[in-house]
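Observations on chain architecture
Each chain, letter by letter, is given below.
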Amino acid sequence: MSKIQKLVAERNKLVLDARATIDNKLSNPEQITAAHEMSKDAMKLGGEIENLQNLEKLEADIQASAEAQQTGHGLVGVSASKDAMGTEAYMDAFQVLAQKGVNTPGDIMNILEVGTDENGGFTVPTKLNAAILKKLEENNVMRRVGRVISTKSTEQFTLEDAIGTAAWTAENAAATEVTPTFTRKSIEAFKATSLIKISDELLQDSISNMVNYIGYAFGKQLGLLEEVAMTTGDGTGKPTGVVTSAELGYTSAVTGVISFDDIKSFQASLKTGYSNRGTFMMNKSTALLLNLLKDANGQYIWQPGVKAGAVDTLLGKRVEYNDQMADTAAGNAAVLYGDFSEYIIADRSKRSMQRMNELYAVNGQVGFLVKERVDAKLLINEAIKKLVVKV
């Protein structure tokens, strides 16, 4: 049995034991408290399981990439010719630049010329950009559930406000005229930057480890920055968050509390077309509270994923965890539900990196600045609803 399978079994046992204790009318207050602690432990194990699953997937991708390089050089050459930043020559030159800075030989700089940006930086190689993207997805749930596109300029999306209605029309009678109305939403590009410092010793010791660290550090920093903006951002100098744009679906009946009836009414507030692809989103504190809700027949409405790779569900719908969502407190939008594919994330061009040669030299360090341009917004506000806790 793998470690993930063992953790899944341990989590499931905690959930079952906690629910059995809570359901037992003979349980005393101390036992109920212990059951709630077991539920918390189960949620923590769920996070550990998710991390291990992500690590397994990353290792599998790395292995597949290595095998492809060993057996498919001809194919790699063909695709690389279409993407200058995807060639091994560009990747090798980029590594030399990162290590040597201003001392990079002229022939190496010639290779990098195709990736020069207007600020003296260089477009990151395709392989390193892929590593950054993978880390972005791990640290920004919105990239996992939203629709990610690439743009070269501002994108205009034309949306119907009203399409009118059809009508039964008598023979030889005039048809009812309907004039649809439209609005446009623009996807812009906001600049996000991330700066890390690397010691001279690391630069000299292991260039491959340094490049791997760059991908890890920048992906994590930018991912966390993106997740905050794409959840609650106001659209000023940053993307517009999904909570900001989502329509109010329902307000809980009791101050500071979410009940089973609230969840049912909230889910019903979303149109069927979106609900068919519906997903719940909340933080883990809210999930812990909803974990113990039951329907009118005494059945739990929350079902944990019982197998490795399985997802938690609420009323039969997938649950995604977002640490940037508000807790279940009066006035907060604690839960989202809807079709998250209507949330568009637009990456503008490619990420670039600039080596800061002198800024941190006195401390024996070199700075690396990565820049990306991205925007995100919910195209159709009614596609996602929010549940607000009563004040």
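Refer to the preceding data block for the structure.
My aim in this report is to walk through the structure given alongside it, one point at a time. Only a predicted model underlies this, so the values are computations on that prediction, with no experimental measurement involved.

Basis of the calculations
Residues numbered from 1 in each chain as written. Predicted model: local features only at pLDDT ≥ 70, side-chain atom pairs only at ≥ 80, totals over all residues. Heavy atoms only, no water. Salt bridge = Lys/Arg side-chain N within 4 Å of Asp/Glu carboxyl O. Helix = DSSP H or I, 4+ residues; strand = E, 2+ residues; numbered from the N terminus. Buried < 20%, exposed > 50% of the residue type's maximum accessible area, 1.4 Å probe, protein only. 1 Å grid on protein atoms, 1.4 Å probe; cavity = no way out; pocket = protein on both sides within 12 Å on 5 of 7 lines; lining within 4 Å. Points joined across faces, edges and corners; volume = space filled by probe spheres on them. Nonpolar A, V, L, I, M, F, W, Y, C, P; charged D, E, K, R; others polar. Pairing = 2+ DSSP bridges. Expected span 1.5 Å × (residues − 1). Arc of directions from axis to C-beta. Polar contact = N/O pair within 3.5 Å; in protein donor to acceptor, adjacent residues only side chain to side chain. Contact = heavy atoms within 4.5 Å.

**Some details on the pattern of salt bridges**
Note that side chains of opposite charge can pair when their charged atoms are close. Summed over all chains, the structure comprises 16 salt bridges. Between Arg-143 and Asp-347 there is a salt bridge, with its nearest N and O atoms 2.7 Å apart. On the criterion of sequence distance, the pair formed by Arg-143 in helix H7 (residues 141-145) and Asp-347 in strand E12 (residues 343-356) is long-range, its members being 204 residues apart. For the pair Arg-143 and Asp-347, a shared accessibility class is recorded, and that class is buried. Salt bridges sharing partners connect three or more residues here, namely Arg-143, Glu-226, Asp-347, Arg-351 and Glu-372.

**With respect to empty space enclosed by the protein**
If you walk through the whole model with that rule in mind, you get one cavity of 30 Å³ or more. Its boundaries defined by the atoms lining it, the largest cavity holds a volume of some 30 Å³. The set of elements that each furnish at least two residues to the lining of the largest cavity consists of helix H4 (88-100) and E12. Its residues placed into classes, the lining of the largest cavity shows six nonpolar, one polar and one charged.

**So, unusual backbone geometry**
Glycine aside, residues mostly have negative phi angles, and peptide bonds mostly take the trans form. With a phi close to 70°, Asn-172 is a non-glycine residue in the positive phi region. A relative accessible area of 82% means that Asn-172 is categorised as exposed. If you check the backbone angles, Leu-315 has positive phi at about 50° while not being a glycine. Here Leu-315 falls in the partly exposed class, since its relative accessible area comes to 23%.

**Re the environment of Val-389**
With respect to the helices, strands and loops of the structure, Val-389 is situated in the segment after strand E14 (384-388). Here the alpha-carbon distance between Val-389 and Ala-333, two residues 56 residues apart in the chain, equals 6.4 Å.

**With respect to the environment of Glu-10**
Summarising the element assignment, Glu-10 is placed in helix H1 (residues 3-23). Separated by 35 residues in the primary sequence, Glu-10 and Leu-45 place their C-alpha atoms 8.2 Å from one another.

**A few points about the sheet that holds strand E8 (residues 302-303)**
Judged by pairing direction, the sheet is mixed, and its seven strands sit side by side in the order E6-E14-E11-E7-E10-E9-E8 without closing on themselves. The open sheet terminates on both sides in strands that have one partner only, identified here as strand E6 (247-251) and E8. As judged from the two bridges shared by E8 and strand E9 (residues 313-314), these two strands associate in the antiparallel manner. Directly across from Trp-302, in E9, lies its bridge partner Leu-314.

**Some words on the pairing of strand E5 (residues 190-199)**
Only one face of E5 is covered, namely the face carrying Phe-190, Ala-192, Ser-194, Ile-196 and Ile-198; the face carrying Lys-191, Thr-193, Leu-195, Lys-197 and Ser-199 is uncovered. Across 10 bridges, E5 lies against strand E13 (residues 365-378) in antiparallel orientation. For Thr-193, the partnering residue across the bridge sits in E13 and is Lys-371.

**Here's the deal with helix H6 (residues 126-139)**
In this model, H6 (14 residues) spans 20 Å end to end at C-alpha, consistent with the 20 Å of a helix rising 1.5 Å per residue. Those residues of H6 lying buried are Leu-128, Asn-129, Ile-132, Lys-135, Leu-136 and Asn-139. Take H6 and look down its axis: the buried residues cluster within an arc of 125°, on one side only.

**Remarks on H1**
For H1, spanning 21 residues, the distance from its first C-alpha to its last is 30 Å, which sits close to the expected 30 Å at 1.5 Å a residue. Ile-4, Leu-7, Val-8, Arg-11, Asn-12, Leu-14, Val-15, Ala-18, Arg-19 and Thr-21 are the residues of H1 that are buried.

**Here we look at the side chain of Ser-252**
On the secondary structure map, Ser-252 appears in the loop between E6 and helix H11 (260-268). With a relative accessible area of 2%, Ser-252 lands in the buried category. Reaching out from Ser-252, the side chain makes a polar contact with the backbone oxygen of Val-257 at a distance of 3.1 Å. In this view, Ser-252 contacts Val-257, Asp-262, Leu-387, Val-388, Val-389 and Lys-390; residues no more than four positions away in its chain are not counted.

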